[in-house]
Amino acid sequence: PVLDRDGNPFPSGHSTDNDGKTRRCVTFILLVPPKTIVHAATLTEPTSEIDSDVQDWSVHPAPDDEHPLVLGFPLGATEGNKPGPWLCTQGEGGSL
C-alpha cells in the first residue's frame, strides 16, 4: 500500500495498459509552488513504481463552465461497428 502521514493506506484504483495488464495504482494531482518539496506518501513495497507527469498548470478558461449532459462510465456499449463498452479517464481538452 501507499501510506499517508498517519500510516493509513490511501485508497487505490486500477490501471490497465494497452496489453490488458491491470495493476493497482494511487494517483496524486498536486499543485505546488516552484522550488517546493512535497512528501506526499510513503511507499511500502520495494517493487513500487513512480510515474511522474509534471506539467505547467493553467487556469481553466471558463471556470464556471457547466455541462447539462451527465454521462456514466463505462461509456455506451457500441459505437457504429466498434464493440464497447468504452472506458475513459480523460478530462476536458483530452488532458487527464
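Before reading on, note that the structure itself is shown above.
Keep in mind that this is a model prediction, so the values were computed, not measured. (Residues numbered from 1 in each chain as written. Predicted model: local features only at pLDDT ≥ 70, side-chain atom pairs only at ≥ 80, totals over all residues. Heavy atoms only, no water.)

Draft legend 1. The arrangement of the overall build of the protein in detail. The number of helices and strands found in the protein is zero helices and six strands. Reading the secondary structure of the protein in the N-to-C direction produces β-β-β-β-β-β. Taking all 96 residues of the protein together, the buried fraction comes to 2%. Within the protein, contacts between residues at least 6 apart in sequence are counted, and of these 27% link residues at least 24 apart. For the protein, the computed accessible surface area is about 9300 Å², with 54% contributed by carbon and sulfur atoms. (Helix = DSSP H or I, 4+ residues; strand = E, 2+ residues; numbered from the N terminus. Buried < 20%, exposed > 50% of the residue type's maximum accessible area, 1.4 Å probe, protein only. Contact = heavy atoms within 4.5 Å. Areas by Shrake-Rupley, 256 points an atom, 1.4 Å probe, with all protein chains shown as cover.)

Draft legend 2. Focus on a nonpolar patch on the surface. Taken together, the side chains of Phe 28, Leu 30, Val 32 and Val 38 define a hydrophobic patch exposed on the protein surface, amounting to about 330 Å² of accessible area. Relative to the helices and strands, Phe 28 resides in the loop between strand E3 (22-25) and strand E4 (42-43). A relative accessible area of 35% places Phe 28 in the partly exposed class. (Patch = residues over 30% accessible without salt bridge, like charges linked within 9 Å, V, L, I, M, F, W, Y side chains within 5 Å. Salt bridge = Lys/Arg side-chain N within 4 Å of Asp/Glu carboxyl O.)

Draft legend 3. Region of the structure containing the pairing of strand E2 (residues 13-16). Of the strand pairs in this sheet, E2 and E3 are connected by four bridges, and their pairing is antiparallel. Paired with Ser 15 across the two strands is Arg 23, which belongs to E3. Hairpin connection between E2 and E3: a loop of five residues separates the two successive antiparallel strands, and Gly 20 in this loop has a positive phi of roughly 85°. (Pairing = 2+ DSSP bridges.)

Draft legend 4. A look at the environment of Leu 3. Turning to its location among the elements, Leu 3 is positioned in strand E1 (residues 2-3). In this structure Leu 3 comes out as buried when scored by relative accessible area, which is 18%. Sequence-wise, Leu 3 and Thr 42 are 39 residues apart; in three dimensions their C-alpha atoms are separated by 5.0 Å. Once residues lying within four places of it in the same chain are set aside, the contact partners of Leu 3 are Asn 8, Pro 9, Phe 10, Ala 41, Thr 42 and Thr 44.

That is the geometry; function is a separate question.
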